[in-house]
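Take a look at the letters that make up each chain.
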Amino acid sequence: MGLKTAEEYIESVKDLGLQSHIMGKECADLTSHPLVRPSLKAVAQTYALAHDPAYQDLMEVKSSITGRIINRFTHIHQGTEDLVNKVKMLRVCGNATACCFQRCVGMDAANALFSVTYECDKEHGTSYHKRFLDFWTRVQDEDLVVDGAMTDPKGDRGKRPKDQLDPDLFLRVVERKKDGVVVRGAKLHQTGMINSHEIIVMPTLTMRPGEEDWAICFAIPTNTPNVHYIYGRQSSDTRKLEESGLDMGNPRYGGQEVMTVFEDVFVPEERIFLNGELDQVGKLVQRFAGYHRQSYGGCKVGVGDILIGATALIAKMNGLEKATHIQDKIIEMIHLNETMFACGIACSAMGGATDSGCYLIDLLLANVCKLNVTRFPFELARLALDVAGGLVGTMPSAKDLNDPVTGPYIRKYLASNPEFDSVDRMKVIRLIENLTIGAGAVSYLVESMHGAGPPMAQRIMLRRQAGLEEKIRRVKELLGIE
Ligand code: SF4
Ligand code: FE
């Protein structure tokens, strides 16, 4: 089977028959629900772009497993060029959607698991790598979307998984059977989950002796019995229920997160990729997080391009594009955005091969990348709000614009640079609102802060990876200190 088209992808998600609780109601037709539809269309762009001649070279690649042509979102990185191309691809997708297109977590989980299952088999005599290859070959051949689920609720942050009042606060094995295991728990903040065909579940942190039941990694289809989805709210989300797209800001696309509950879910043996091998868990968490921290050097930059473009356009529409202080603010935005991209490219170019043949990013630089992402989009958002002006927070609604009494007033008094229509000016202001304080800010700001781990997680990695002792040794050598 070749690469899916965007339409085939949407049909395939419809066929899954997933259900989710959305604002107090069970919804059985997710693909046409107005709160979900923009997010589905955003993922569909990762399929559409692979058929676009302008991006085919970037998005299509030969599978290292089968030799067949696959979408890069399902690829196992074979060199630093692949890692660089991944970041470039994510920037393109961010440009096309101006939101989170959700498909990267599965790619990042797969690349981490590829090397970890290989190394686990060598060290423990297990056969996880072959199982994983069988699973992933199907993902590549059928061009599937896979959610990578890592974040447990974590309960009392001061306690280990086994010491929680409720041990389910970290997903765990509750029963062991001859042909598999039964798991219970939840994964929070699951980006794109209900637009996915499969879920890879991973532990959220390094596990210690006595915590073997929490050291479990596996894959199951999203429509597995006893998996429940509860839809996450976003700021201004009910604007998606309104008729006009104008007030949405991003009228076509959006992100999506759910709380996923695993209520005694059976996982067959052939879908288990780690099961109690404590020494492999930390490595898996670190590599998955590392790949995802690299991802942000592409996707957030792509969305940043849109915010910069919108800011430059609104400056023109306001008649201010020649003001030097405005120009300087836009230059600052460009500088910050390209700095994040430079980090995404650098951690890719400095990557290296693992024993499995799969390439891993430079972990220090990937963490520098993500640490910048926890700050720079906020500064980009601040500058965009500064340039755009107060209308971002006070502009009348699309309904008032369409009202025969108020509409003419709005058009008259929101006119600015005569080269531009006042309604077009409203569209740009709404887009800036969407990305800085609206539904788009969930992905552009909150996720930039916490996705792939909050800033402290990156700072810990910086301390570990920086080779401080070596730096001290060099100083001593330079100064002749024993
Ligand atoms: Fe991909 Fe970025 Fe969304 Fe993560 S936040 S899934 S890296 S688009
Ligand atoms: Fe993310």
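Model, not experiment: these values are computed from the prediction.

**What about the nonpolar core?**
- Formed by 67 residues in total, the largest nonpolar core has its most connected members in Phe132, Trp136, Val183, Ile199, Ile200, Phe218 and Phe262.
- Here Val183 is in contact with Leu171, Arg172, Val173, Val174, Phe218, Phe262, Glu263, Asp264, Val265 and Val267, once residues within four sequence places are set aside.
- Ranked by size, the runner-up nonpolar core spans 56 residues in total, among them Phe73, Leu90, Ala310 and Ile326.

**Considering empty space enclosed by the protein**
- Overall, the coordinates contain 4 cavities of 30 Å³ or more when judged by the stated rule.
- In this structure, the largest cavity occupies an estimated 140 Å³ of space.
- Lining the largest cavity are 18 residues; nearest its centre among them are Lys240, Met248, Asn434, Ala439 and Gly440.
- Here the residues of the lining of the largest cavity sort into 5 nonpolar, 9 polar and 4 charged.
- By volume, the second largest cavity amounts to about 100 Å³.
- As for the second largest cavity, its lining consists of 13 residues, and the residues nearest its centre are Cys100, Cys104, His292, Tyr296 and Glu447.
- The set of elements that each furnish at least two residues to the lining of the second largest cavity consists of α5 (104-124) and α7 (278-317).
- For the lining of the second largest cavity, the element with the most residues is α7, which contributes 5 residues.
- Here the lining of the second largest cavity is composed, by residue class, of 6 nonpolar, 4 polar and 3 charged.

**Some remarks on the sheet that holds strand β5 (residues 146-149)**
- An order of β5-β8-β9-β12 is seen for the 4 strands of this open sheet, with the pairing classed as mixed. Two strands lie at the open edges of the sheet, namely β5 and β12 (272-275), each paired on one side alone. When the angles between neighbouring strand axes are averaged without regard to direction, this sheet yields 15°.
- Both strand β8 (residues 198-201) and strand β9 (residues 216-221) contribute to a ladder of 4 bridges, which runs antiparallel.

**Some points on the site of ligand 1**
- Around ligand 1, a shell composed of Cys100, Phe101, Gln102, Cys104, His292, Ser295, Tyr296, Cys299, Lys300 and Glu447 is seen.
- Spatially, ligand 1 is embedded in the second largest cavity.
- For the shell around ligand 1, the element with the highest residue contribution is α7, accounting for 5 residues.
- Among the residues forming the shell around ligand 1, the class breakdown is 5 nonpolar, 3 polar and 2 charged.

**Regarding helix α4 (residues 80-97)**
- Spanning 18 residues, α4 covers 26 Å between terminal C-alpha atoms, matching the ideal 26 Å at 1.5 Å per step.
- Among the 18 residues that make up α4, 13 are buried, leaving the element largely enclosed by the rest of the structure.
- Looking one or two residues beyond α4, the residue adopting positive phi is Ala98, at roughly 55°.

**Some details on the pattern of salt bridges**
- Under the criterion given, the structure shown has 34 salt bridges.
- Taking the shortest distance from any N to any O, the salt bridge between Asp237 and Arg233 comes out at 2.8 Å.
- In this structure Asp237 comes out as buried when scored by relative accessible area, which is 6%.
- Salt bridges linked by common partners bring Glu119, Glu123, Lys283 and Arg287 together as one network.

**Observations regarding the coordination of the iron ion (ligand 2)**
- Those protein atoms acting as donors to the iron ion (ligand 2) are His292 (NE2), Tyr296 (OH) and Glu447 (OE), and they sit at 2.3 to 2.6 Å.
- Counting along the primary sequence, the residues that act as donors to the iron ion (ligand 2) give the motif H-x3-Y-x150-E. Placement of the pair is His292 and Tyr296 together in helix α7, with a separation of 4 residues, close to one helical turn. Accessibility assignment for this pair places His292 and Tyr296 in one class, buried.

**Topic: the environment of Val428**
- Along the chain, the position of Val428 falls in helix α14 (residues 422-436).
- For Val428, a relative accessible area of 10% puts it in the buried group.
- Placed 36 residues apart in sequence, Val428 and Val392 show a C-alpha to C-alpha distance of 9.5 Å.
- Apart from residues no more than four positions distant in its own chain, Val428 is found in contact with Ala310, Leu313, Ile314 and Met317.

**Focus on the packing of aromatic side chains**
- This model, assessed by the stated rule, comprises 7 aromatic pairs.
- Taking the centre distance of 6.3 Å and the plane angle of 55° together, the rings of Phe132 and Phe135 count as tilted. Residue Phe132 and its partner Phe135 are located together in helix α6 (residues 128-142), separated by 3 residues, close to a single helical turn.
- Judged by its relative accessible area of 0%, Phe132 falls in the buried class.
- Measuring from ring centre to ring centre gives 5.4 Å for Phe132 and Phe273, while their planes differ by 90°; the resulting arrangement is edge-to-face. With Phe132 in helix α6 and Phe273 in strand β12, the pair connects residues that are 141 residues apart, well separated along the chain.
- The structure contains a cluster of three or more aromatic residues connected by ring pairs, namely Phe132, Phe135, Trp136 and Phe273.

**What about the side chain of Asn250?**
- Position of Asn250 relative to the elements: it lies in the loop between β10 (227-231) and β11 (257-268).
- A distance of 3.2 Å separates the side chain of Asn250 from the backbone nitrogen of Tyr253, its partner in a polar contact.
- Beyond its immediate stretch of four places on either side in the chain, Asn250 contacts Thr97, Ala98, Cys99, Leu431 and Asn434.

**Focus on the packing of helix α8 (residues 324-349) against helix α10 (residues 376-388)**
- Axis separation between α8 and α10 bottoms out at 10 Å; the angle between their running directions is 160°. What the angle tells us is that α8 and α10 run roughly antiparallel. Where α8 crosses over α10, the two elements pack in a sense that is left-handed. Touching Ile326, Lys329, Glu332, Met333, Leu336, Asn337, Thr339 and Met340 of α8 are Phe376, Pro377, Glu379, Leu380, Leu383, Ala384, Asp386 and Val387, all from α10.
- Of the residues belonging to the contact of α8 with α10, the class tally is 10 nonpolar, 2 polar and 4 charged.

Calculation criteria
Residues numbered from 1 in each chain as written. Chains lettered and ligands numbered in written order. Predicted model: local features only at pLDDT ≥ 70, side-chain atom pairs only at ≥ 80, totals over all residues. Heavy atoms only, no water. Core = buried A, V, L, I, M, F, W, Y, C linked by side-chain atoms within 4.5 Å. Buried < 20%, exposed > 50% of the residue type's maximum accessible area, 1.4 Å probe, protein only. Contact = heavy atoms within 4.5 Å. 1 Å grid on protein atoms, 1.4 Å probe; cavity = no way out; pocket = protein on both sides within 12 Å on 5 of 7 lines; lining within 4 Å. Points joined across faces, edges and corners; volume = space filled by probe spheres on them. Nonpolar A, V, L, I, M, F, W, Y, C, P; charged D, E, K, R; others polar. Helix = DSSP H or I, 4+ residues; strand = E, 2+ residues; numbered from the N terminus. Pairing = 2+ DSSP bridges. Axes fitted to C-alpha atoms, helices over the stretch in contact; angles between N-to-C directions. Near = heavy atom within 4 Å. Sits in = over half its atoms within 2 Å of the grid points. Expected span 1.5 Å × (residues − 1). Salt bridge = Lys/Arg side-chain N within 4 Å of Asp/Glu carboxyl O. Donors = N, O, S within 2.8 Å, 3.2 Å for Na, K, Ca; no water. Phe/Tyr/Trp six-rings, centres within 6.5 Å; stacked < 30°, edge-to-face > 60°. Polar contact = N/O pair within 3.5 Å; in protein donor to acceptor, adjacent residues only side chain to side chain. Parallel < 35°, antiparallel > 145°, perpendicular 65-115°, else oblique. Left-handed = near helix turned anticlockwise from the far one by under 90°.

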